[in-house]
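# An overview of the molecular structure
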Amino acid sequence: MEGVTEFTEYVSETVDVPSPFDLLEPPTSGGFLKLSKPCCYIFPGGRGDSALFAVNGFNILVDGGSERKSCFWKLVRHLDRIDSILLTHIGADNLPGINGLLQRKIAEQEEERSQGSTNY
């Protein structure tokens, strides 16, 4: 087990992981898109697709596609919220897009907290 730890430390020093801010561009405005009528958007995601369903103001994202730069980001970044995320299975064809989305949202929250703590 020690060898695995050493290997991952060595690899992590040489791999350049892009920032979620570089990966997914910021929303141009916060939450202006409200989907009031039932609708479904299907996003081709390489080896895995994703879909966004909106019914009665409830938004659910299904799967995330195989690319870290989420194919659904250009639409989702304009929504005021995503109420639920459904993963139909765990695999390389649906997790990278969800990971990219969650990393972006976490990074935004951390940035807001750090700006809030410095603005007295």
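Residues numbered from 1 in each chain as written. Predicted model: local features only at pLDDT ≥ 70, side-chain atom pairs only at ≥ 80, totals over all residues. Heavy atoms only, no water.

The protein carries the name Microtubule-associated protein 1A/B/S-like MBL-like domain-containing protein in an unreviewed UniProt entry, which gives Fundulus heteroclitus as its organism.

Attention now moves to the overall build of the protein. Within the protein, the regular secondary structure consists of four helices and four strands. Secondary structure elements of the protein occur, N-terminal to C-terminal, as α-α-β-β-β-α-β-α. Long-range pairs, those at least 24 residues apart, make up 59% of the contacts in the protein between residues at least 6 apart in sequence. Working note: accessible area of the protein is about 7,900 Å², and carbon and sulfur atoms make up 57% of it. (Helix = DSSP H or I, 4+ residues; strand = E, 2+ residues; numbered from the N terminus. Contact = heavy atoms within 4.5 Å. Areas by Shrake-Rupley, 256 points an atom, 1.4 Å probe, with all protein chains shown as cover.)

Moving on: unusual backbone geometry. Here Asp-63, not a glycine, exhibits a phi torsion of approximately 60 degrees, which is positive. Among the structural elements, Asp-63 can be located in the loop between strand E3 (58-62) and helix H3 (73-76).

So, about the side chain of Asp-63. Given a relative accessible area of 9%, Asp-63 falls into the buried group. In this structure the side chain of Asp-63 is engaged in a polar contact, spanning 2.9 Å, whose partner is the side chain of Asn-94. Sequence-distant contacts of Asp-63, defined by excluding residues within four places in its chain, comprise Asp-49, Ser-50, Phe-72, Leu-86, Leu-87, Thr-88, His-89, Asn-94 and Ile-98. (Buried < 20%, exposed > 50% of the residue type's maximum accessible area, 1.4 Å probe, protein only. Polar contact = N/O pair within 3.5 Å; in protein donor to acceptor, adjacent residues only side chain to side chain.)

Here the focus is the packing of aromatic side chains. Within this structure, the stated rule accounts for two aromatic pairs. Pairing Tyr-41 with Phe-43 gives two aromatic rings, centres 6.4 Å apart and planes at 25 degrees, and the pair type is stacked. With relative accessibility at 36%, the residue Tyr-41 sits in the partly exposed group. Note on Phe-43: relative accessible area 11%, which makes it buried. With a centroid separation of 6.3 Å and 65 degrees between ring planes, the pair formed by Phe-43 and Phe-72 is classed as edge-to-face. You can see Phe-43 sitting in strand E1 (residues 39-43) and its partner Phe-72 sitting in the loop between E3 and H3, a full 29 residues away along the chain. (Phe/Tyr/Trp six-rings, centres within 6.5 Å; stacked < 30°, edge-to-face > 60°.)

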